[in-house]
Each structure stands twice: as C-alpha cells, then as structure tokens.
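Below are the chains, spelled out letter by letter.
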Amino acid sequence: MARIISGVQPTGTLNIGGYLGAFRHWPTYQDEHEAYFFVADLHALTVRQDPVVLAGRTRDVAASLLAIGIDPTRATVFLQSEVAAHTRLAWLLQCSASIGEMQRMTQFKDKSAGKDMVSLGLLTYPALMAADVLLYQADAVPVGDDQRQHLELTRDLAIRFNNRYGETFVVPEAQISPVAGRIMDLQDPTKKMSKSNDSPMGAIDLTDEPEVIRRKISRAVTDSEAEVAYDPARKPGVSNLLELLAAATGQNPSQLAGQYDRYGTLKSDTAEAISELLRPVRERYGELCKDPGQIDAALATGAQRAREIAEDTYRRAARAMGVSC
Ligand code: AQP
C-alpha cells in the first residue's frame, strides 16, 4: 500500500482555501493508502503565537480534521509536537542543507518581508517540513500549489542524503490538486486565502454558518466591469468565485462563466454551493465539540503509531550520519 502524509498548521481556523486545495481529498486516501495526517503545531511557532490561543487552535484543527471525514481507525492523526523525531531529524537535514537554499524559498521571502524580527525557525522551516515527510517514508504528499517549492526542496534533501550516506529515505512526489490549487482571498484576490490573513471577510471558515458565507461572498471584491469571464490575470476576483463554484460543484470554471451574465447571480450560486458543501463538516464539527474525549483518544492513538515508524527512520538516518541515537 502506498503511503501518504500531509499536515496543516494551527495558525487560524481552517478555511475553504485549504479545504478545496488539500484537506477535501485527504479522506479519500484512507482506504487505498496508508495515510498519516498531522497538525503542524511546531511550524506555527515560526511566527509569534499566544500560547493559550495556539493550544486551543491546535485542538480545534484536530477536531476539524475529524470533521472533514478523517477516521482515526483508518488513518493516523497526530500532533507534530508529540513525535520528537520530527525535530531530531530536522537537525540532521539542516546540517545537509545550505542557508542559500532556505533563503530562496518564496514563503520565507513573503513572510519575512517588512518584519522587524524574523525568527530563525521561519528560515529553517523547510528542513522541518522535509523531516515531517521523510520520517514516514511517504510516497506522495497531497498539498496545495503554494507548497510545491517546499516539496521540491524535500526531494532534493532526500536525494542528497541518500547519495551521501546510503539509501535511507523514500523520495516523495508532490500531489497537487488540478482544481482549486490556489484559492484567493475574497477581499484581495491577488493574495492567497490564508488562515492568518488580517481580514475576517477574506476567508470562509469551514464552520461558518450559511448566512455568514452569504455575507462574505456577497461582499467579495470583483471589478468594475460586468462581464463574467474566467481570466485569473485580468479578473482575479470573478475568476476566484468561478474557481470556488467549480470546485464545489465538480465543474469547469471557464464553462461555468458562460452560464452567467451577472455578478450577483454568480455570487449567490457560489454561496449556496459552498454552504451545501460544508454542511456535513459543520454538523460533524458541532457533534465533536460536545465529545472532546473522542479527539483526545484519536490523537493519543495516532501519536503512538506515528512514533513507532518515525523513530525507526530517525535511528537509521542518525546512524547513517555517524551519530549515536
Ligand atoms: N488558499 C489556498 N488554496 C489552496 N490550497 C491551500 N492551502 C492553504 N491555503 C490554500 C493548502 O492547505 C494545506 C495546509 O496549509 P498549511 O496550514 O500547512 O500552510 P499554508 O499553506 O501556509 O496555509 P495558510 O492558510 O496560508 O497558513 P498561514 O496563514 O499560517 O500561512 C497545504 O497543503 C496548503 O498548500
């Protein structure tokens, strides 16, 4: 059985961007793959976090993963910080990577731009992400388009390590969704929809009620023209709405454009489709919140399973580099 792994940072409430670009597909891997899904709480520390808020969001993101349909009896769900091998392997990989490689990452450039204090962790983040993947000897990593460059670096580090120290890691493939690979912010459609963006009106959260979804989409920024066309460069706002509607209904955004002659109807249909798509997630999330013991039990079992495989890979890598483990 092929093995897959993917993770999500608890830097905010999960939104429709990450859902359509990545998480929506995760439950489909559970039967035909050995699947590992984790909450990347250590990655969240690369930017300053309030400890109480971070701990709450970490649990909330874990609950959301169960709510989207990840079944802890068919997949391994865990918190990154509960498996010590992640940071231990990250150190070994940092010592095989160059500063230049890390500085070239566009996410580092974007997140460090204009900041007075940039943490060293933000620079070395890709080495921890490489460790997240390589520890599990994953064949494939389903991610959104924004993670393509980090996955390329993970592959480079694995190949370099294998060449220097002998075959140790499986070299993973990125699996990027052909639709909705990059959903844009509703208030600034030139920017990716992100959990940590400032404007709450820019993102649709997975647990938003239908009237909130309607309000956010009705206020989404479009343009001063009146033509509905799929042209992300010239009409980013309208194209983003078409992309959302297409992903929610399994259609093609260019073909959908031909069915609309008014922005208002496009917006109301998009709101309706997203609201329906998220209905089961909202309902399951509500049930899980009433039974937090379920989340704790899933995470405890998941961490135990994850540690077994991760520690084995870490020991092999450490011995290959000549250090005792
Ligand atoms: N807007 C998006 N469109 C498509 N895919 C997306 N992903 C995130 N945003 C979009 C994909 O979701 C997975 C989990 O992402 P993550 O939380 O690990 O990191 P991220 O890409 O940095 O997500 P955010 O929301 O932008 O977080 P912050 O605000 O903290 O930087 C990944 O597979 C990602 O590609």
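Our subject is the structure that appears above.
Residues numbered from 1 in each chain as written. Predicted model: local features only at pLDDT ≥ 70, side-chain atom pairs only at ≥ 80, totals over all residues. Heavy atoms only, no water.

A look at unusual backbone geometry
The phi dihedral of Q137 is positive, around 50 degrees, even though this residue is not glycine. Given a relative accessible area of 12%, Q137 falls into the buried group. (Buried < 20%, exposed > 50% of the residue type's maximum accessible area, 1.4 Å probe, protein only.)

Details of the pattern of salt bridges
Summed over the entire model, instances satisfying the criterion amount to 16 salt bridges. For K192, the salt bridge is made with D146, and the minimal N-O distance between the two is 2.8 Å. With a gap of 46 residues between them, K192 in the loop between β5 (173-176) and α9 (210-218) and D146 in the loop between β4 (140-143) and α8 (148-165) connect regions that are remote in the sequence. You can call D146 partly exposed: its relative accessible area is 23%. (Salt bridge = Lys/Arg side-chain N within 4 Å of Asp/Glu carboxyl O. Helix = DSSP H or I, 4+ residues; strand = E, 2+ residues; numbered from the N terminus.)

Examining the site of the ligand
Not every one of the 23 residues close to the ligand is listed here, only the nearest: K111, D146, S194, K195 and S196. At 2.6 Å from an oxygen atom of the ligand is found a side-chain nitrogen or oxygen belonging to T11. The separation between an oxygen atom of the ligand and a polar side-chain atom of K111 is 2.6 Å. For the ligand, whose accessible area on its own is 650 Å², the fraction buried by protein is 96%. Contributing elements (two or more residues each) for the shell around the ligand: β1 (3-8) and α1 (16-21). With 3 residues, the single largest contributor to the shell around the ligand is α1. The residue inventory of the shell around the ligand, partitioned by class, reads 7 nonpolar, 11 polar and 5 charged. (Near = heavy atom within 4 Å. Polar contact = N/O pair within 3.5 Å; in protein donor to acceptor, adjacent residues only side chain to side chain. Areas by Shrake-Rupley, 256 points an atom, 1.4 Å probe, with all protein chains shown as cover. Nonpolar A, V, L, I, M, F, W, Y, C, P; charged D, E, K, R; others polar.)

Notes on helix α4 (residues 85-94)
Those residues of α4 not exposed but buried are A85, H86, L89, A90, L92 and L93. Axial view of α4: buried residues confined to an arc of 160 degrees, hence all on one face. For α4, the secondary structure elements touched by its buried residues are β3 (76-79), α7 (120-134), α8 and α13 (292-321). (Arc of directions from axis to C-beta. Contact = heavy atoms within 4.5 Å.)

Focus on the environment of I183
Looking at where I183 falls in the secondary structure, it is placed in the loop between β5 and α9. Beyond its immediate sequence surroundings of up to four residues, I183 is in contact with G17, L20, K192, M193, N240, E243 and L244.

Overview of the pairing of strand β2 (residues 34-39)
With 5 of 6 residues buried, β2 lies mostly within the body of the structure. Sheet topology places β1 next to β2; 6 bridges connect them, and they run parallel. Its bridge partner lying in β2, R3 is registered against E34. Following the backbone out of β1, through α1 and into the adjacent parallel β2, one traces a crossover that is right-handed. Bridge analysis of β2 against β3 gives 4 bridges, and the strand direction is parallel. Its bridge partner lying in β3, Y36 is registered against T76. (Pairing = 2+ DSSP bridges. Right-handed = clockwise from strand over helix to strand, strands pointing away.)

Let's talk about helix α10 (residues 236-249)
Compared with an ideal rise of 1.5 Å per residue, which puts 14 residues at 20 Å, α10 spans 20 Å between its outermost C-alpha atoms and is within 8% of the ideal. With respect to burial, α10 is a largely interior element, 12 of its 14 residues being buried. Taken as a whole, α10 has its buried residues at G237, V238, S239, N240, L241, L242, E243, L244, L245, A246, A247 and A248. On the buried face of α10, the contacting elements are α1, α9, α11 (253-257) and α12 (263-290). (Expected span 1.5 Å × (residues − 1).)

Here we look at the pairing of β4
Burial along β4 is two-sided: A140 and P142 facing one way and V141 and V143 facing the other are all buried. Sheet topology note: the β4/β5 ladder contains 4 bridges and is parallel. Note on β5: the bridge partner recorded for V143 is I176. For the handedness criterion, the β-α-β arrangement of β4, α8 and β5 is classed as right-handed.

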